[in-house]
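What the coordinates show
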Amino acid sequence: APNLSSICNINEEVLHFLNKQGHAITVFGIGTNLVTCQAQPALGCVYKLVEIDSKPRMKMSQDFEKVLIPGRKVAYRLFGEKG
């Protein structure tokens, strides 16, 4: 069965709320609130998985902009005539 994941601003309070409501979530992504205090400013970033054991993975989303083309990526920096 596929995993159902949730990664948006998850913290202890949200986990308790979801557990009281009942849910089918099998994977939680707890990042920013795991390593910082909520009272402190933090930079929210996203790390997207593109491969597991050399097999491409694709992010699915209802938002077209968030859908990720599967497979490993290579970043390039292009320089103009002036550097």
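Here the structure is a predicted model, which means the values were calculated and not measured. (Residues numbered from 1 in each chain as written. Predicted model: local features only at pLDDT ≥ 70, side-chain atom pairs only at ≥ 80, totals over all residues. Heavy atoms only, no water.)

With that out of the way, let us pick up the overall build of the chain. When you go through the chain residue by residue, the secondary structure sums to two helices and four strands. Ordering the α and β elements of the chain from the N terminus gives β-α-β-α-β-β. Counting only residues that meet the buried cut, the chain has 8% of its 83 residues in that class. Within the chain, counting contacts between residues at least 6 apart in sequence, those at least 24 apart form 6% of the total. (Helix = DSSP H or I, 4+ residues; strand = E, 2+ residues; numbered from the N terminus. Buried < 20%, exposed > 50% of the residue type's maximum accessible area, 1.4 Å probe, protein only. Contact = heavy atoms within 4.5 Å.)

Moving on to helix α1 (residues 12–21). In terms of burial, α1 is largely open, as just one of its 10 residues are buried. At the C-terminal side of α1, G22 shows a positive phi close to 85°.

One non-glycine residue, D53, adopts positive backbone phi at about 50°. Its location among the elements puts D53 in the loop between β3 (51–52) and β4 (55–56).

Another aspect to go through is the environment of K48. Along the polypeptide, K48 turns up in the loop between α2 (32–35) and β3. Using a relative accessible area of 35% as the deciding quantity, one classes K48 as partly exposed. Expressed as a C-alpha distance, the spacing of K48 and M58, which sit 10 residues apart in the sequence, is 9.3 Å. The residues touching K48, leaving out its near neighbours within four places in the chain, are K59, K66 and L68.

Mapped onto the secondary structure, I52 falls in strand β3. I52 gets classed as partly exposed once you look at its relative accessible area, which sits at 35%. Taking the C-alpha atoms as reference, I52 lies 9.5 Å from G71; in sequence the two are 19 residues apart.

Together, M58, M60 and V67 make up a nonpolar patch on the protein surface, roughly 290 Å² of accessible area in all. Relative to the assigned elements, M58 resides in the segment after β4. (Patch = residues over 30% accessible without salt bridge, like charges linked within 9 Å, V, L, I, M, F, W, Y side chains within 5 Å. Areas by Shrake-Rupley, 256 points an atom, 1.4 Å probe, with all protein chains shown as cover. Salt bridge = Lys/Arg side-chain N within 4 Å of Asp/Glu carboxyl O.)

Another aspect to go through is the environment of F28. Note that F28 resides in strand β2 (residues 27–28). Looking at F28, the relative accessible area reads 29%, which means it is partly exposed. In this structure the C-alpha to C-alpha distance between F28 and I10, which are 18 residues apart in sequence, comes to 7.6 Å.

Averaged over the chain, the pLDDT score is 78; the fraction of residues at 70 or greater is 75%. Per-residue pLDDT, averaged within each element of the chain, yields its smallest value for α2 (65) and its largest for β4 (88). (pLDDT = per-residue confidence, 0-100.)

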